[in-house]
Amino acid sequence: MIPDLLKSIISVVGIVMLFSCENSMSTIKEITKEDTLAVVTAYDIEYERTDSGYRQVVLTSPQMERYDGDNPYTIFPIGFLVTFYDTTGIANSFIQANYGVNYEKKKIMIARNDVVVKNYETEEQLNTENLVWDQNKKMIFANTFVKISTPDKVVYGDSLRAHETFRSREIYNVRGVLEFEEDSLQ
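A brief structural summary. Because the structure is a prediction, the values reported are computed rather than measured.

## A few points about unusual backbone geometry
Moving on, step 1. A positive phi angle is found at Asp44, which is not glycine, with a value near 50°.
Moving on, step 2. Turning to its location among the elements, Asp44 is positioned in strand β1 (residues 40–51).
Moving on, step 3. Look at Asp114: it is not a glycine, yet its phi comes out positive at around 55°.
Moving on, step 4. Assignment of secondary structure puts Asp114 in strand β7 (residues 108–119).

## Remarks on the nonpolar core
Moving on, step 1. In this structure, Phe80, Ile95, Leu126, Leu131, Ile140, Leu160 and Phe166 are the most contacted members of the largest nonpolar core, which totals 26 residues.
Moving on, step 2. Sorting elements by how many residues they give to this core places β7 first, with four residues.
Moving on, step 3. Judged by nonpolar contacts, the second largest core, of five residues, contains Tyr73, Ile75, Tyr99 and Val101.

## A closer look at the packing of aromatic side chains
Moving on, step 1. Under the definition given, this model contains six aromatic pairs.
Moving on, step 2. Look at Tyr73 and Tyr103: their rings are 6.1 Å apart centre to centre, the planes differ by 40°, and that puts the pair in the tilted class. Linking Tyr73 in strand β3 (residues 73–76) with Tyr103 in strand β6 (residues 99–103), this pair joins segments that are 30 residues apart in sequence.
Moving on, step 3. Taking 5.8 Å as the distance between ring centres and 20° as the angle between the ring planes, the aromatic pair formed by Phe145 and Tyr156 counts as stacked. Of this pair, Phe145 sits in the loop between β9 (139–142) and β10 (146–149) while Tyr156 sits in strand β11 (residues 153–157); the two residues are 11 residues apart in sequence, bridging distant segments of the chain.
Moving on, step 4. Here the aromatic residues Tyr67, Tyr73 and Tyr103 are joined through ring pairs into a cluster of three or more.
Moving on, step 5. We note Arg55 situated over the ring of Tyr85; from NZ or CZ to the ring centre the distance is 4.9 Å.
Moving on, step 6. Over the ring of Tyr103 we find Lys106; its NZ or CZ atom is 5.8 Å from the centre of that ring.

What counts, and where the lines are drawn
- Residues numbered from 1 in each chain as written.
- Predicted model: local features only at pLDDT ≥ 70, side-chain atom pairs only at ≥ 80, totals over all residues.
- Heavy atoms only, no water.
- Helix = DSSP H or I, 4+ residues; strand = E, 2+ residues; numbered from the N terminus.
- Core = buried A, V, L, I, M, F, W, Y, C linked by side-chain atoms within 4.5 Å.
- Buried < 20%, exposed > 50% of the residue type's maximum accessible area, 1.4 Å probe, protein only.
- Phe/Tyr/Trp six-rings, centres within 6.5 Å; stacked < 30°, edge-to-face > 60°.
- Lys NZ or Arg CZ within 6 Å of the ring centre and 35° of its normal.

Right under this line is the structure:
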């Protein structure tokens, strides 16, 4: 009698355990899909792009996650800094943000959260919350509020299109321009 009771208890426990699984097979397959898991996670990275031995771009980030699949992409969840160099090797501008995602095939990077673009030569700086960098066209686009600071004025607008070095740009729906005289800054 005890062996039959023990068999019954084990059978009931086994059946309960079988049906108590919370994750369905479709959920498990979705979680473990190839493009939902990072194939590479790296910390404190520095990537340098050169052409004919000349440094063009340096990207640094505290964390990088790379994803494969049909449309591979890289996420910078803690932020990034991209510095651009002229043909003499001198840094002339940068883009930084608290979050970024780079789509490798499209050569498009999206920057979000406290985005800053600065041109060292002209001392001009862009501040916005969202920015798209088209690496093929060497252009940046912001379809959100923008603030451009120069040594003598501040310009506000609704959107922007500019060269990646921020040396030329178009500001759309300019909201205001604050000009400074050199004497008023002292």
